[in-house]
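Residue-level structure breakdown
For reference, the chains in residue letters:
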Amino acid sequence: MNITIQASFLPQNDPEAAIAFYRDVLGFEVRNDVGYNGMRWITVGPADQPGTSIVLYPPAASPGLTDDERRVIDEMMAKGTFGSILLATKDLDGSFERLQASDAEVVQEPTDQPYGVRDCAFRDPAGNMVRIQQQS
């Protein structure tokens, strides 16, 4: 088998803030921005990796959710415990400085982890955990 990751999904509750973070701070390109019923699905990704994307979606649009489930999702997003993604860079310290200068919420400064990686962590505007690992 030859399977690749085409897209991963992260919730967003403010499309403009999501675009500002993923495009302007992380440097991803906006590949698609689709609106429907007052909601927006925004596809972003690294310019040099056209086959890999992140879809920033409105969690309220998930079919079959009850009002209680939507409330729990909102609460988890506010606490930063609902969505997460792991990214990698060859310049962790430079990436950290750029994110920190953008007023992104710092969760962890660059740290050598006991399991053998060096990484840092931020929260995006929706509360998603964004971890960035040093790449060799």
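The text that follows walks through the structure, step by step, so that each part is easy to find. (Residues numbered from 1 in each chain as written. Predicted model: local features only at pLDDT ≥ 70, side-chain atom pairs only at ≥ 80, totals over all residues. Heavy atoms only, no water.)

Here we look at the sheet that holds strand β8 (residues 129-134)
Reading across from one edge, β5-β8-β7-β6 is the order of the four strands in this open sheet, with mixed pairing throughout. The two strands at the open ends of the sheet, each matched to only one other strand, are β5 (84-89) and β6 (105-112). Here the average twist between neighbouring strands, direction ignored, is 15 degrees. Sheet topology places β5 next to β8; six bridges connect them, and they run parallel. From the neighbouring strand, Ala88 faces β8, where its bridge partner is Gln133. (Pairing = 2+ DSSP bridges. Helix = DSSP H or I, 4+ residues; strand = E, 2+ residues; numbered from the N terminus. Axes fitted to C-alpha atoms, helices over the stretch in contact; angles between N-to-C directions.)

Re the layout of surface pockets
The volume enclosed by the largest pocket comes to roughly 630 Å³. Forming the boundary of the largest pocket are 25 residues, of which Phe28, Pro46, Gln49, Leu87 and Ala88 lie nearest the centre. Contributions of two or more residues to the lining of the largest pocket are made by β3 (39-45), β4 (53-57), β5 and α3 (92-101). Per element, the largest residue contribution to the lining of the largest pocket is five residues, and it comes from β5. For the lining of the largest pocket, the class distribution of residues is 13 nonpolar, nine polar and three charged. (1 Å grid on protein atoms, 1.4 Å probe; cavity = no way out; pocket = protein on both sides within 12 Å on 5 of 7 lines; lining within 4 Å. Points joined across faces, edges and corners; volume = space filled by probe spheres on them. Nonpolar A, V, L, I, M, F, W, Y, C, P; charged D, E, K, R; others polar.)

A look at the packing of aromatic side chains
Under the criterion given, the structure shown has four aromatic pairs. Seen from their ring centres, Phe96 and Phe122 are 5.4 Å apart, and the 45 degrees between their planes marks the pair as tilted. Linking Phe96 in helix α3 with Phe122 in strand β7 (residues 118-123), this pair joins segments that are 26 residues apart in sequence. The pair formed by Phe96 and Phe122 is uniform in burial state, with each residue classed as buried. Ring pairing ties together the aromatic residues Phe21, Tyr22 and Phe28, which thus form one cluster. (Phe/Tyr/Trp six-rings, centres within 6.5 Å; stacked < 30°, edge-to-face > 60°. Buried < 20%, exposed > 50% of the residue type's maximum accessible area, 1.4 Å probe, protein only.)

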